[in-house]
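What the coordinates show
Listed below, chain by chain, are the residues.
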Amino acid sequence: QVQLVESGGGLMQAGGSLRLSCAASRSVFSINHMGWYRQAPGKQRELVAFITNGGTTTYADSVKGRFTISRDNAKNTVFLRMNSLKPEDTGIYSCFVSTIYGSDFWGRGTQVTVSS
């Protein structure tokens, strides 16, 4: 069973930056997409960003121009650089990995709190 472990969350003032990382516990065969969701208190889960195995990126409108997703395929790791943080970015950020065979793996999430 593959485990995804996130790190890099925490408390930050508005306007600051954080970098999230998500590493798989072992090599995942045929990874396709890697990405991040977030869930704010009282709100539905939101897809923040994902990156394909070819490097194509997609972002939620709310984070475009502020967040950057990247991946290290050799290390089965995905990153999320978050700049110009806003209080509305507060939430639990969970990473995911999907394979070309339809298997999905999820991390347990890391808390990001942005104070005003």
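**Some details on the packing of aromatic side chains**
With the rule as written, the count across this model stands at 3 aromatic pairs. Note on Tyr37 and Trp106: the rings are 5.3 Å apart at their centroids and 45 degrees apart in plane angle, and the pair reads as tilted. Of this pair, Tyr37 sits in strand E4 (residues 31–39) while Trp106 is found in strand E10 (residues 104–106), placing the two residues 69 residues apart along the sequence. Each ring, one from Phe96 and one from Trp106, has its centre 5.5 Å from the other, and the planes form 40 degrees; the classification is tilted. Of this pair, Phe96 sits in strand E9 (residues 91–99) while Trp106 sits in strand E10, and the two are 10 residues apart along the sequence. Above the plane of the ring of Phe79 lies Arg19, whose end atom (NZ or CZ) is 4.1 Å from the centre. A cation over a ring is seen here: Arg45 above Tyr37, with NZ or CZ 4.4 Å from the ring centre.

Calculation criteria
Within every chain, residues take consecutive numbers counted from 1 along the sequence as written. Totals for whole chains, interfaces and linings use every residue, but because this is a predicted model, local features are given only for residues with pLDDT of at least 70 and side-chain atom pairs only at 80 or more, for both listing and counting. Only hydrogens and water are set aside when side-chain values are computed; all heavy atoms of the structure are taken into account. In this analysis, rings of Phe, Tyr and Trp, with Trp reduced to its six-membered ring, are considered paired at centre separations within 6.5 Å, and the interplanar angle assigns stacked below 30 degrees, edge-to-face beyond 60, and tilted for intermediate values. A run of H or I in DSSP counts as a helix once it spans at least four residues, and a run of E counts as a strand once it spans at least two, with each numbered from the N terminus. Put simply, a charge is over a ring when the Lys NZ or the Arg CZ is close to the ring centre, within 6 Å, and near the line of the ring normal, within 35 degrees.

Function-wise, these values are silent; they only describe arrangement.
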